[in-house]
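Tertiary structure, described
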Amino acid sequence: MSTSLPVNEALIRDVVSEVLSRLGKGAPPAAAPAVNPACGCPTGAKPAGAARRGTFGVFQNADEACAAAHAAYLQLSEKGVAGRVKVVQIVKDLCFAHAKEWGRIELEETKIGRLDHKIEKLLGQRGIPGVEFLNPYGLSGDHGITLEEYAPFGVIGAVTPSTHSIPTMACNIISMVAAGNAIVFNAHPGAYKCAVMAARVFNEAIHRELGIENLACIVDPPTLDSFNAIAKNEHVRLLCVTGGPGVVKAAMASGKRAICAGPGNPPVLVDGTSCLANAARCVVLGAAYDNNLLCIGEKQVFVLEPYFDKFTAELEKAGGYRLTDAQVERLTKAAFVIPPGTGAGCGHPVVNRDLVGRDPEVLARAAGANIPAGTQLLFAETAPDHLFVDEEQMMPFLPIVRVKTVEEGIAHAKRSERGYKHSAMIHSHDVANMTAMARALETTLFVKNGACVAGLGNGGEGYANFSIATTTGEGICNPRTFTRVRRCVMVDKLRIF
Ligand code: NAD
């Protein structure tokens, strides 16, 4: 007589997964389990709330996250550079494998931006630099040899924006772990669920491959209190914040060293000496990218008067839709809120978050316009001091301003950039104009005859990162950004000649 035992599927899955994780050193990291978007758990894992064997980087308490990250940092140190290389590859492979799914999940949570570009930003993680950026600087002379090494800080506290939550977290992990650090993230409250989900998947894969569980920790849910706790925690040696003026100010006031990737409002100058069709195509590509959420994205364009009509006609050919003055007025009323009681022109306008990063159709409705399917971007002629010129609005609407001279265009561009020293673009074949604009604006990124994304290696030369340390001057972040330089000196007759 045979008896059938009750089968506990969850238990079997756990046992199988445990056995596989012990055996699975050779398993490719990209083959990590799919995630359940509802709870962020890998498919087949126990749902949130049930007992877990580990936290895999997700902590409710910021201090516990910092302590766990510190333990992980010590474990990583034991694994040498080879361990860092593995982590970098795991993160890149997971972003590649999950790009479509994670792009959709991030868009569903934040409701800002475009799916095609969210996916592209995850696929693009493959190009983020790793340990190869850490070549030491060596000297050898009559008095011996000296080596300057790029050493880790330990634990880094990182803040990520709503505009690219998982991509910023992923490239932060790649750069920071390549440099030998562990991280604790405080994500944006409107974009943290997707970040928590991705952090869990990263940590599980890292744990499977290297046995380190909490290398990239995240606080769930993030709050201002959890930011303050991270900033104060003794294990946290460095902050890296990516966001607007508020978080930059908070990081600078923390007393910790802070790398600040701050706000921008990038202007474009078109002087008519280069191809206007190319200039228009580049401007539409950059400003429409993820519905103009990029901090480097073209936000206002200054065009020399004789070329204005031809340039705006080219914008239409490139997927732009021209709004009338009345439509711009309606859109402006919907897009900006003047705080009550301050009187027209007195109060500082606040961007209406409901229109940030929304599709051109949404903006067109607010403007009272009917636009053809496939429209990439709205545009219109405005005055140089229009709100859309002066504020970092992050919407797929571009104000185009007529200027009489290059000098006037540069002066308006400089004023509109607001001293952020972030990014600027010029379309020109006149080297003197290029140099004059570069000198006047002093931006971190200056792109000539390309879309803004060319500044991050997409159509131009160079590597990418979603943290561009403008405010504090480190530039486009890479692994070296997250290191301390330590000098090792040997005094002896060590030369072999
Ligand atoms: P945001 O400033 O609203 O938020 C950014 C992050 O900072 C979030 O995690 C938020 O929770 C946190 N934060 C905000 N105020 C804080 C405070 N006082 N204390 C502690 N944390 C605080 O910005 P956002 O809307 O998420 O992103 C858009 C902004 O970020 C734009 O200004 C854009 O230019 C900038 N940005 C810059 C870069 C860069 O590399 N320089 C990259 C992406 C975005």
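No experiment lies behind these values; they were computed from the predicted model shown.

Cut-offs used in this document
Residues numbered from 1 in each chain as written. Predicted model: local features only at pLDDT ≥ 70, side-chain atom pairs only at ≥ 80, totals over all residues. Heavy atoms only, no water. Helix = DSSP H or I, 4+ residues; strand = E, 2+ residues; numbered from the N terminus. Buried < 20%, exposed > 50% of the residue type's maximum accessible area, 1.4 Å probe, protein only. Areas by Shrake-Rupley, 256 points an atom, 1.4 Å probe, with all protein chains shown as cover. Polar contact = N/O pair within 3.5 Å; in protein donor to acceptor, adjacent residues only side chain to side chain. Contact = heavy atoms within 4.5 Å. Right-handed = clockwise from strand over helix to strand, strands pointing away. Pairing = 2+ DSSP bridges. Axes fitted to C-alpha atoms, helices over the stretch in contact; angles between N-to-C directions. Salt bridge = Lys/Arg side-chain N within 4 Å of Asp/Glu carboxyl O. pLDDT = per-residue confidence, 0-100.

**So, the overall build of the protein**
Per the secondary structure count, the protein includes 15 helices and 20 strands. For the protein, the proportion of its 497 residues judged to be buried stands at 54%. Accessible surface, the protein as shown: approximately 21,900 Å² in total, 56% of it carbon and sulfur.

**Some thoughts on the side chain of Asn-433**
With respect to the helices and strands, Asn-433 occurs in helix α15 (residues 431-441). You can call Asn-433 buried: its relative accessible area is 13%. A polar atom in the side chain of Asn-433 sits 2.8 Å from the side chain of Asp-271. Excluding its chain neighbours within four sequence positions, the residues that come into contact with Asn-433 are Asp-271, Val-406, Ile-410, Ile-426 and Ser-428.

**Section: the pairing of strand β4 (residues 155-159)**
Counting buried positions along β4 gives five out of five residues, so the element sits mostly inside the fold. Burial along β4 is two-sided: Val-155, Gly-157 and Val-159 and Ile-156 and Ala-158, pointing in opposite directions, are all buried. What joins β4 to strand β5 (residues 182-186) is helix α5 (residues 165-178), and the crossover it makes is right-handed. As paired strands, β4 and strand β7 (residues 236-242) are joined by five bridges and run parallel to one another. Among the inter-strand pairings, Ile-156 is bridged to a residue of β7, identified as Leu-238.

**As for the side chain of Glu-213**
Summarising the element assignment, Glu-213 is placed in the loop between α6 (192-210) and β6 (216-219). A polar contact of 2.7 Å, which involves the side chain of Glu-213, links it to the backbone nitrogen of Thr-55. Polar side-chain contacts of Glu-213 include one of 3.0 Å to the backbone nitrogen of Phe-56.

**Thoughts on the sheet that holds strand β20 (residues 483-490)**
Across the sheet, which stays open at both edges, the three strands sit in the order β2-β3-β20 with antiparallel pairing between neighbours. At either margin of the open sheet sits one strand with a lone partner, and together these are β2 (137-141) and β20. Each neighbouring strand pair of the sheet contributes to a mean axis angle of 15 degrees, computed without reference to strand direction. Both β2 and strand β3 (residues 144-152) contribute to a ladder of five bridges, which runs antiparallel. Bridge assignment links Gly-141 to a residue of β3, and that residue is Gly-144.

**Here's the deal with the pattern of salt bridges**
According to the stated counting rule, one finds 16 salt bridges in the structure shown. In this structure, Glu-316 and Arg-322 form a salt bridge, with 3.3 Å as the shortest nitrogen-oxygen distance. Assessed through its relative accessible area of 37%, Glu-316 is described here as partly exposed. Ionic contacts of the salt-bridge type, sharing partners, join the residues Glu-305, Asp-309, Glu-381 and Arg-402 into one network.

**Section: the confidence of the model for the protein**
Summing up the model confidence of the protein, the mean pLDDT is 90 and the portion of residues at 70 or higher is 88%. Note on residues 1-52: pLDDT under 50 across the span, and 52 contacts to partners over four residues away in sequence or across chains.

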